[in-house]
Amino acid sequence: MTDSVNPTENPAASNDSASATADRFARFDDLRSAAPNEIVTHVEVEDHEVGGHTIALMTMVAEKEGHPATLGPAGLAKIGRAAEAQVKRAEAGEIDAIAITGTGRTFAAGADLSTIRTLSDPDDGRRLAELGHVAYDVIADADAPSFAFINGQSLGGGFETALAFKYRTVNTATRALGLPEAGLGLIPGWGGVYRFPRIVGIENGLKVMLENPLKGNRFLTGNELVEMGGAHVGFGPENFLQDSLDWAASVLDGTAPEAQRELEDPSDPEVSARWDAALKYARGLVEKATHAETRPAPTALLDALDANRSMTQKQSAELEVDTLARLMFTPAFQNTIYSFLELFQARAKRPAGVPAVEPQKISKVGVVGAGLMAAQLALVFAQKLQVPVVMTDMDEQRAQAGLDHVAGYLAKNVERGRMKEEDARAIQQLITAGTDKGVYADADFVIEAVFEEIGVKQQVFREVEKIVRPDAILATNTSSLSVKEMAEVLEHPERLVGFHFFNPVAQMPLIEIVRGPETSDQVLATAFAAAKGLGKTAVLVKDAPAFVVNRLLLLLLGLVMDAFDQGMDPHEADSALDPLGLPMSPFDLLAMVGLPVAQHVAETLNTSFPERFPLSKNLQTLIDNKITSIWSKDEKGRKFIPEEHLALLERGDASITKDQLLTTVLDALATEIRIMLDEGVVAGPQDIDLCMILGAGWPQHLGGITPFLDQSGASTRANGEAFGAWSLPASTK
């Protein structure tokens, strides 16, 4: 058991101790004035008597209630000063160990990015980088045993806090742990670069610091952190703090076998060979996944890892400070923080155009269709909303195929440990399928996922409207067709809303919510509430051809395909947009989407805007000949177009350079976005940026598509003015 006292003011600390603390951190005090909006993290100290040992527990608490602990200059100084006071107490024999934890579901969410973003003086950036080391080294250099009790989310600088302590426990229910700085345009520059790979091994270190951020910003769970050695032991959430204190007491008693760990030594020849191999692999990964000129952080991270192999921790700290300070003022970091703060934290959480009315409750969902897309929709509704979902299709064979897809998806997730078997069974039981549309009679929300043809969709809605309740909402998952045209066949067009998912449904975070001319406020509010319940980000878009993402993507793809049709070398055409760092090349994206699907959307856009959206006869030729991809691959994986395929195509002899094509595409995108904003397709450029990042994989480090078009000069060339959603600070230029 634990007996607690509360020496928050630390009366035992001597005046000399207080003076020393002030001296250590005084030169950083003026940084607070450079970060006036920092939500300061305070430290509360409480002694715990456990098994005959006194453990001083520091708890990080944000000054704003409900806000997670984040680390800006004032917060770092408070952690450092509190730690130094406890070290002095340990040296005086008043306590046996020092520990740190967080509150609620958060240990420490990471550096205060809004604070870093406001810094305008590079010297302030350097001192903030240095302050993290000064604060954490108080603990790392102490002789007293130290413990980090990672009670919840711990990312970036927050995670580095835990790394400075000798022993770590973790809440096994935690789902967000890691060092994502490389994905944000920085490095783990408060000791993470040096400490983490020595704790978990270089391979695991690179996975967490580099691979995870570059592959969708993945995080570790508590169990995964234990498995790779980043935490000594994990405990469940029910009694996490007490279990952690008890384990710390066992470490102090010398009876905890998990505490016996050795750090990896890169100077050892065998270990050094592993570092060589791992860093070589990582450089290849970075070369494929990034464009170094626009995204310098991954390369800077690898350079720092390579260099610090022969350094002491203090020497590495100087390198980390230099690198971190430099990266703070790069366009990649500043743009990424715009994406994170202005788009994900602000616009996504408070979308424009949501009516201030009470949404309807959704207790049952209907999905018209049982194909692959319909089955994915059924899964996400059942899993996230925990309501019955009914699918229908034209015959029992198709309906059963939909159920089989659901079962296969769930079984795969159970096999991979992503889902418990009992949870998978519960989801499976919520989903049924058949041929009788009468099952929609008591549904609250019915969404169609049938063939992308206006007549087919109209017929579906005619049939379904006769079955459903008067207050039931009808939704279309169309990717490009007019919601207005579909609503024209309804007796109550106000009940229809566009609800456009992206494929694969489970992974893609965006839903384009399309308001038709007569869509009611309550229907719209319910659509936004449903999207939130599904864990998706919703953006309100006007009923316009192909909405936002597909309109811009098909413009981009169409121009690249047009250049190829005119005679541009296929490899040159497909690589012309590489400087943008898009997830796929245009030709690969065409194959992934499916040539017929892409051509169908292109036809919709060409019909509406023939002067801006070219339609490729060659693409239709490939479709007519059942060719599914422009590229084929030889035995070494190299891309080529077979001669028999080329023989089918009609191509010109124009000579177009990669630079010319890139400029053409960027200027056309700037023109189209200006038209979309003038037409009111969305409320503002931030919505375009959000749609393209979440729906098309537009790189965050480019700051959203409209800031990039501003920064590249395309907006001014095409429109005579910038979009102005976000401008780089002068210190980056």
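Because the structure is predicted, anything quoted here is derived from the model rather than measured. (Residues numbered from 1 in each chain as written. Predicted model: local features only at pLDDT ≥ 70, side-chain atom pairs only at ≥ 80, totals over all residues. Heavy atoms only, no water.)

A. Local environment of unusual backbone geometry. In this structure, Pro-504 follows Asn-503 across a cis peptide bond, with omega equal to 0 degrees. With a phi close to 55 degrees, Gln-386 is a non-glycine residue in the positive phi region. One non-glycine residue, Ala-546, lies in positive phi territory at about 65 degrees. Locating Ala-546 in the fold gives a position in the loop between strand 20 (537–542) and helix 22 (549–566). For Ala-546, a relative accessible area of 0% corresponds to the buried category. (Helix = DSSP H or I, 4+ residues; strand = E, 2+ residues; numbered from the N terminus. Buried < 20%, exposed > 50% of the residue type's maximum accessible area, 1.4 Å probe, protein only.)

B. Representation of the side chain of Ser-154. For Ser-154, the position within the fold is in strand 9 (residues 153–155). If sequence neighbours within four positions are ignored, Ser-154 has contacts with Phe-107, Ala-108, Phe-159, Ala-176, Leu-177 and Gly-178. (Contact = heavy atoms within 4.5 Å.)

C. Broad picture of the sheet that holds strand 15 (residues 431–434). A sheet is described by the order of its strands in space; here eight strands give the open sequence 15-14-13-16-17-18-19-20, paired in mixed fashion. Each edge of the sheet is formed by a strand with only one pairing partner; in this case those strands are strand 15 and strand 20. When strand polarity is set aside, the average angle formed by the axes of neighbouring strands in this sheet is 25 degrees. Pairing of strand 19 (residues 510–515) with strand 20, which is carried by six bridges, proceeds in the parallel orientation. By the bridge assignment, Ile-513 is partnered in strand 20 with Leu-540. Of the strands in this sheet, strand 19 and strand 20 touch helix 29 (residues 685–696), which is tilted by about 125 degrees from strand 20. (Pairing = 2+ DSSP bridges. Axes fitted to C-alpha atoms, helices over the stretch in contact; angles between N-to-C directions.)

D. Quick peek at the UniProt feature "domain: 3-hydroxyacyl-CoA dehydrogenase C-terminal" (unreviewed entry) in the chain. In the numbering adopted here, UniProt assigns the feature "domain: 3-hydroxyacyl-CoA dehydrogenase C-terminal" (unreviewed entry) to residues 547–625. Across residues 547–625, the secondary structure splits into 68% helix and 0% strand, with the terminal C-alpha atoms separated by 30 Å. (UniProt positions renumbered as here; feature names shortened; annotations may be inferred.)

E. Spotlight on a positive patch on the surface. A surface patch of like charges, here positive, comprises Lys-207, Arg-218, Lys-412, Arg-416 and Arg-418. As for its position among the elements, Arg-416 is in the loop between helix 17 (396–415) and helix 18 (421–430). A relative accessible area of 51% means that Arg-416 is categorised as exposed. (Patch = residues over 30% accessible without salt bridge, like charges linked within 9 Å, V, L, I, M, F, W, Y side chains within 5 Å. Areas by Shrake-Rupley, 256 points an atom, 1.4 Å probe, with all protein chains shown as cover. Salt bridge = Lys/Arg side-chain N within 4 Å of Asp/Glu carboxyl O. Lys, Arg positive; Asp, Glu negative; His and termini not counted. Charge placed at Lys NZ, Arg CZ, Asp CG, Glu CD.)

F. Layout of the environment of Gly-110. Turning to its location among the elements, Gly-110 is positioned in strand 7 (residues 110–111). Spatially, the C-alpha atom of Gly-110 lies 16 Å from that of Arg-218, the residues being 108 residues apart in sequence. Those residues within four positions of Gly-110 in sequence are excluded, and the remaining contacts are Ala-69, Thr-70, Leu-71, Leu-155, Gly-157 and Gly-158.

G. Structural context of the pattern of salt bridges. Applying the stated criterion to the full structure yields 41 salt bridges. Where Asp-137 meets Lys-314, a salt bridge forms, and the shortest distance between an N and an O atom there is 3.1 Å. Taken together, the positions of Asp-137 in helix 5 (residues 122–140) and Lys-314 in helix 14 (residues 313–328) put the pair 177 residues apart, joining distant regions of the chain. For Asp-137, a relative accessible area of 9% puts it in the buried group.

H. Fine view of the sheet that holds strand 11 (residues 177–178). Spatially, three strands are ordered 6-9-11 in an open sheet, and the strand pairing comes out parallel. The two strands at the open ends of the sheet, each matched to only one other strand, are strand 6 (106–108) and strand 11. Where strand 6 meets strand 9, two bridges bridge the pair, whose relative direction is parallel. Its bridge partner being in strand 9, Ala-108 is matched across the sheet by Ser-154.

I. Region of the structure containing the UniProt feature "domain: 3-hydroxyacyl-CoA dehydrogenase NAD binding" (unreviewed entry) in the chain. The feature "domain: 3-hydroxyacyl-CoA dehydrogenase NAD binding" (unreviewed entry), as annotated in UniProt, sits at residues 364–543 in this numbering. Span residues 364–543 is 41% helix and 21% strand, its end C-alpha atoms 26 Å apart.

J. Looking closely at the packing of helix 12 (residues 269–289) against helix 13 (residues 297–307). It is the contact of helix 12 with helix 13, at a shortest axis distance of 10 Å, that shows an interaxial angle of 170 degrees. Compared by their axis directions, helix 12 and helix 13 come out roughly antiparallel. Where helix 12 abuts helix 13, its residues Trp-275, Leu-279, Ala-282, Arg-283 and Val-286 lie against Pro-298, Thr-299, Leu-302, Asp-303, Leu-305 and Asp-306. (Parallel < 35°, antiparallel > 145°, perpendicular 65-115°, else oblique.)

K. View of the packing of aromatic side chains. Taken as a whole and judged by the stated rule, the model has 15 aromatic pairs. Here Phe-147 and Tyr-167 contribute two aromatic rings whose centre-to-centre distance is 5.0 Å and whose plane-to-plane angle is 25 degrees, an arrangement assigned as stacked. With Phe-147 in strand 8 (residues 146–150) and Tyr-167 in strand 10 (residues 167–171), this residue pair connects regions lying 20 residues apart in the sequence. When sorted by exposure, Phe-147 lands in the same class as Tyr-167, which is buried. Look at Phe-159 and Phe-196: their rings are 5.6 Å apart centre to centre, the planes differ by 75 degrees, and that puts the pair in the edge-to-face class. One end of the pair, Phe-159, is in helix 6 (residues 157–163); the other, Phe-196, is in helix 8 (residues 192–200), and 37 residues separate them in sequence. Classification of Phe-196 by relative accessible area gives buried; the value is 0%. Ring pairs connect the aromatic residues Phe-147, Phe-149, Tyr-167 and Trp-247, which therefore count as one cluster. Over the aromatic face of Tyr-194 sits the side chain of Arg-198, whose NZ or CZ is 3.7 Å from the ring centroid. Positioned above the aromatic ring of Phe-609, the side-chain terminus of Arg-612 is 4.5 Å from the ring centre. (Phe/Tyr/Trp six-rings, centres within 6.5 Å; stacked < 30°, edge-to-face > 60°. Lys NZ or Arg CZ within 6 Å of the ring centre and 35° of its normal.)

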